[in-house]
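These are the residues of each chain, in order.
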Amino acid sequence: MVVDDVPLDDKVKRTRDLLSSFYSQDASHTSAPANTTSRFATLDTINTTSFDADQYMNLLVQKSNLEGLLQRHVEMAAEIKNLDTDLQMLVYENYNKFISATDTIKRMKNNIVGMEVNMEQLLEKIMSVQSRSDGVNTSLFEKREHIEKLHRTRNLLRKVQILSCVEQFIYDLPTTLGKCIKSEAYGDAVRFYTGAMPIFKAYGDSSFQDCKKASEEVMSVIINKLQDKVSSDSESIQARAEAVMLLKQLDFPVENLKSKLLEKLEQFLEELDLSKEISIGSATPHESTKEGSESDPITPLPEVPTREFVEAVHAYHVIFPDSEQQLVRLVQDLTTRHFEAAKQKIQEQISSAKLANRLRFIWTDVLLINEVLPEAALEDFAFEAACVAVKQYVASAFFHLLHEISDTLLQIQKDGIEGEYPLRAALEASKNALIQGSTKVLSDFRRLLDEDLGLILKLRDMIISWVQEGFQTFFKQLNDRLLLLSGKNVMAHEQFLAERFQADKVPAGLVLVISQLSVFIEQDAILRITEARTDFLFEIGSSLSAGGVHLYEHGPAFVPAEVRRTFRSAGEKFLQHYINMRTQRISVLLRKRLTTPNWIKHKEPREVHMFVDLFLQELRAVGSEVKQVLAQGLPRKHSRTESNGSTSSSRSNTLRDEKLGRSTTNRARSQLLETHLAKLFKQKMEIFTKVEHTQESVVMTIVKLCLKSLQEFVRLQTFNRSGFQQIQLDMQYLRPTLKDTAEDEAAVEFLLDEVIVAAAERCLDPSPLEPAILDRLVHAKLARTTDQEHVAS
């Protein structure tokens, strides 16, 4: 067999087309096969009736070579064989169909035999039934006519009876309407009159003319009364709405009444007082039990009459179906007023139970309105308003906590620092306010989230997120408030608080308390609040799912590590600020002491100057403050080896003794030159170290700063010998006193020596006092001071 290169699908289609053209009666509708090989595209007319064999052969010979002609011969032979096979199969199939059709015709012929006899019998039976039916109709004709006549008579009598009743009703209608006016049954009167209107329209100008006129007069009175009822303030909104509906049934123009009724609804909303506490019967026991623990019970008050308003809105909507827009505005206004009242209560710092009670009442109204006016979509509107109100409640709770802490600190400024332990009491009060206030805030939020209210359930996740964000914002604002109270930062939005005090009048003790409060927040308070917050999230999560919930599911809105870093830095800044304030106060005293006298003409010293007492008094005040607030540090007194300048200190003492023993000016100046040269090669003492939150560290830092300031003030003056000796005497008196209270004796002695050396450098004749005279004057001052202390005690 020869292999055919033409695809199978093309061959099948071409065979089908050939058979179709072969059996087609209209040869003009035949067409060439759609799919042929590209090389015979111009020679495919072989399958049409207009095929020209000679022309086809000429074209084929012209366009094909010998090999192509042989190939085409093989293809045509294969096609002829395939066509013969298909034609044979088609004949076999048609033959089977012809046999089946013949068998069917035979069966039909056998079934038709006998059918004519049956049809004749059926026709005879039909004719018999028809004849009997005609006989029955003929026999019952007279009785049927009689029954129809009686039925018509009965209907006529019934109509006569109805007309008689209607006539009696029409005649009695004016009297009936008058009775309805006396009993104020305006609805019945309208129903009677509208029922009689068809009769009045048909016979009002003839038979019932007088009745119609009398009825219209009575109805005019009823219309006036209904109008008065709509305009009456003493009538309920529901009664006025019913009056409008009756007027509408009487075809009375109610557009002006529509605006009046709408004004009444708006007036009702304006007069509605939602500022009082609201108690709902189903929620009162539960809430009063909760409030009992807080000693803040909810006083049950009558329910606000919003149900009447809702019924009036429903009636108004029924009467005026095109009033949806106005009614939606009204109900949204009612909801807005509800939440405005809730916001006012939130500003007054209401409890969570009272807030939940008010939200429950609002949500009840929302659901009620949603049933009568679903077009308002009030649930979504109320949800958005509730988000704002509850978020304000969360912010208000932290705001009041912030002010409570501020008030405890401001009490220091109000009462002063007089008393035995005022700073310690203020610090403890601020700590308690922070811890107890934070715990109370979390407890209030937990009780709020425990409420079984659909609105709160929708807000649950958002409330938890707001609480976490609230703590983060609270500590940021607390840091800003502490900066403000310390006089370091006055923000624009805190001007109202800044007016309560001036930055230059901030007590130094307050700054010290703020510093320790910051340390407490960083070391202790954040840990406690984090644990309480974790318990809060866990309990709320357990209520949502019995299996618990991830503690930080709602995101890290509160970052304890960041807050601790902030207050660690703030504590150091506040402590340094306290040191600067105390140092500046003492520096003013030192500057005044050094700049007031004329040191060139200073007289011979007779006693220690009084500024030393003032200086020591300020240091005692510092010691009293830090003793109340700060803890004691590790004992490091008399540990000279810890100082980097112990060698230098010994050198200073040796130089001081040698210099005091010399009497001539030239030798003293020569010693000063040696001192300067020694300072260039000797190891420097580390005077200023990091300040710690201990009593000794703070006092020592202030002493160092003050002595360093005194040294700088001395360098700005010029002394005679008496002035230099006065500075020497004052420093000698300070030496034992400061060494008893100072943590680093070596640094104190070094700085005192530096003051004396600076005075000697600025002295025209640096001749020191003799040791005996110096000791006598110092002991005399110490004895007087001791006597004064005994007298004072």
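Treat the numbers as computed from the prediction; the structure is a model and nothing was measured. (Residues numbered from 1 in each chain as written. Predicted model: local features only at pLDDT ≥ 70, side-chain atom pairs only at ≥ 80, totals over all residues. Heavy atoms only, no water.)

Side note on the overall build of the protein chain
So, point 1. Of the regular secondary structure elements, the protein chain holds 25 helices and zero strands.
So, point 2. Across the 793 residues of the protein chain, 42% fall into the buried class.
So, point 3. Taking contacts inside the protein chain between residues at least 6 apart in sequence as the whole, the part at least 24 apart equals 79%.
So, point 4. Here the protein chain displays about 44800 Å² of accessible surface, and carbon together with sulfur accounts for 54% of that area. (Helix = DSSP H or I, 4+ residues; strand = E, 2+ residues; numbered from the N terminus. Buried < 20%, exposed > 50% of the residue type's maximum accessible area, 1.4 Å probe, protein only. Contact = heavy atoms within 4.5 Å. Areas by Shrake-Rupley, 256 points an atom, 1.4 Å probe, with all protein chains shown as cover.)

Focus: unusual backbone geometry
So, point 1. Positive phi values are uncommon outside glycine, yet Glu-184 reaches one of about 60°.
So, point 2. Looking at where Glu-184 falls in the secondary structure, it is placed in the loop between helix H4 (115–183) and helix H5 (186–203).
So, point 3. Positioned with a positive phi, Ala-377 is a non-glycine residue whose angle comes to about 50°.
So, point 4. Its location among the elements puts Ala-377 in the loop between helix H12 (352–372) and helix H13 (378–415).

Overview of the confidence of the model for the protein chain
So, point 1. For the protein chain, the average pLDDT comes to 76, and 76% of its residues sit at 70 or higher.
So, point 2. Overall, residues 491–501 carries pLDDT values under 50, and its contacts beyond four positions in sequence, including any with other chains, amount to 19 contacts.
So, point 3. Of the regions scoring below 50 in pLDDT, residues 637–666 engages in 54 contacts with residues more than four places distant in sequence or in other chains. (pLDDT = per-residue confidence, 0-100.)

Description of the side chain of Ser-697
So, point 1. By the element assignment, Ser-697 lies in helix H22 (residues 695–715).
So, point 2. In this view, Ser-697 contacts Lys-690, Val-691, Glu-692 and Glu-743; residues no more than four positions away in its chain are not counted.

Points about the packing of H12 against helix H14 (residues 422–449)
So, point 1. Two elements in contact, H12 and H14, have axes whose closest approach is 9 Å; the angle formed by their N-to-C orientations is 30°. In terms of orientation, H12 lies roughly parallel with respect to H14. For the crossing formed where H12 meets H14, the hand is right-handed. Contacts between H12 and H14 involve Ser-352, Leu-355 and Ala-356 from the first element and Asp-444, Arg-447 and Leu-448 from the second.
So, point 2. Each residue belonging to the contact of H12 with H14 can be placed in one class, and the counts come to three nonpolar, one polar and two charged. (Axes fitted to C-alpha atoms, helices over the stretch in contact; angles between N-to-C directions. Parallel < 35°, antiparallel > 145°, perpendicular 65-115°, else oblique. Left-handed = near helix turned anticlockwise from the far one by under 90°. Nonpolar A, V, L, I, M, F, W, Y, C, P; charged D, E, K, R; others polar.)

A word on helix H15 (residues 454–485)
Residue pairs spaced three or four apart in an α-helix point in one direction, given the helix's 3.6 residues per turn.
So, point 1. Compared with the 46 Å implied by 1.5 Å per residue over 32 residues, the 43 Å span of H15 between its first and last C-alpha is a close match.
So, point 2. Within H15, the axis deviates most sharply at Arg-460, by approximately 55°.
So, point 3. Looking one or two places after H15, you find Gly-487, whose phi comes out positive at around 85°. (Expected span 1.5 Å × (residues − 1). Bend = angle between axes of the 7 residues up to and from the residue.)

Some remarks on the pattern of salt bridges
So, point 1. Within this structure, the stated rule accounts for 19 salt bridges.
So, point 2. Ionic pairing is found between Glu-607 and Arg-784, a salt bridge with its closest N-O pair at 3.3 Å. One end of the pair, Glu-607, is in the loop between helix H18 (560–595) and helix H19 (610–629); the other, Arg-784, is in helix H25 (residues 771–792), and 177 residues separate them in sequence.
So, point 3. Accessibility expressed as a relative area gives 45% for Glu-607, which makes it partly exposed.
So, point 4. One salt-bridge network, held together by shared partners, links Arg-582, Arg-585, Glu-618 and Glu-625. (Salt bridge = Lys/Arg side-chain N within 4 Å of Asp/Glu carboxyl O.)

Describing H22
So, point 1. Here H22 contains 21 residues, and its C-alpha end-to-end distance of 31 Å stays within 8% of the 30 Å for a straight helix at 1.5 Å per residue.
So, point 2. Buried residues dominate H22, accounting for 16 of its 21 residues.

A closer look at the nonpolar core
So, point 1. Grouped together as the largest cluster of nonpolar side chains are 177 residues, with contacts concentrated most on Phe-475, Tyr-578, Phe-615 and Leu-738.
So, point 2. Here this core takes 17 residues from H13, the largest share from any one element.
So, point 3. Filtering out sequence-adjacent residues up to four positions away, Leu-738 remains in contact with Phe-615, Leu-616, Leu-619, Val-703, Leu-707, Val-748 and Leu-752. (Core = buried A, V, L, I, M, F, W, Y, C linked by side-chain atoms within 4.5 Å.)

Quick notes on the packing of H12 against H15
So, point 1. The contact between H12 and H15 brings their axes to 8 Å, and the two run at 115°. Along the contact surface, H12 presents Ala-356, Leu-359 and Trp-363, while H15 presents Gly-454, Leu-455, Ile-456 and Lys-458.
So, point 2. Its residues assigned to classes, the contact of H12 with H15 shows five nonpolar, one polar and one charged.

Concerning the packing of aromatic side chains
So, point 1. What the rule picks out here adds up to eight aromatic pairs.
So, point 2. When the centroid spacing of 6.0 Å and the interplanar angle of 40° are considered together, the rings of Phe-398 and Phe-474 count as tilted. On the criterion of sequence distance, the pair formed by Phe-398 in helix H13 and Phe-474 in helix H15 is long-range, its members being 76 residues apart.
So, point 3. Note on Phe-398: relative accessible area 3%, which makes it buried.
So, point 4. Using a relative accessible area of 1% as the deciding quantity, one classes Phe-474 as buried.
So, point 5. Among the aromatic residues, those joined into a ring-pair cluster are Tyr-393, Phe-398, Phe-445, Phe-471, Phe-474, Phe-475 and Phe-567. (Phe/Tyr/Trp six-rings, centres within 6.5 Å; stacked < 30°, edge-to-face > 60°.)

A few points about a nonpolar patch on the surface
So, point 1. A cluster of nonpolar residues, Leu-87, Met-89, Val-91 and Tyr-92, forms a patch on the protein surface that exposes about 370 Å² of accessible area.
So, point 2. Relative to the helices and strands, Leu-87 resides in helix H3 (residues 66–112).
So, point 3. Given a relative accessible area of 32%, Leu-87 falls into the partly exposed group. (Patch = residues over 30% accessible without salt bridge, like charges linked within 9 Å, V, L, I, M, F, W, Y side chains within 5 Å.)

Things to note about the side chain of Gln-516
So, point 1. Mapped onto the elements of the fold, Gln-516 is located in helix H17 (residues 508–544).
So, point 2. Beyond its immediate stretch of four places on either side in the chain, Gln-516 contacts Leu-427, Val-629, Leu-630 and His-693.

Section: the environment of Leu-616
So, point 1. Following the sequence through the fold, Leu-616 ends up in helix H19.
So, point 2. Here Leu-616 falls in the buried class, since its relative accessible area comes to 6%.
So, point 3. Through-space distance from the C-alpha of Leu-616 to that of Leu-734 is 8.3 Å; in sequence the pair is 118 residues apart.
So, point 4. The contact partners of Leu-616, leaving out residues within four places of it in the chain, are Tyr-733, Leu-734, Thr-737 and Leu-738.

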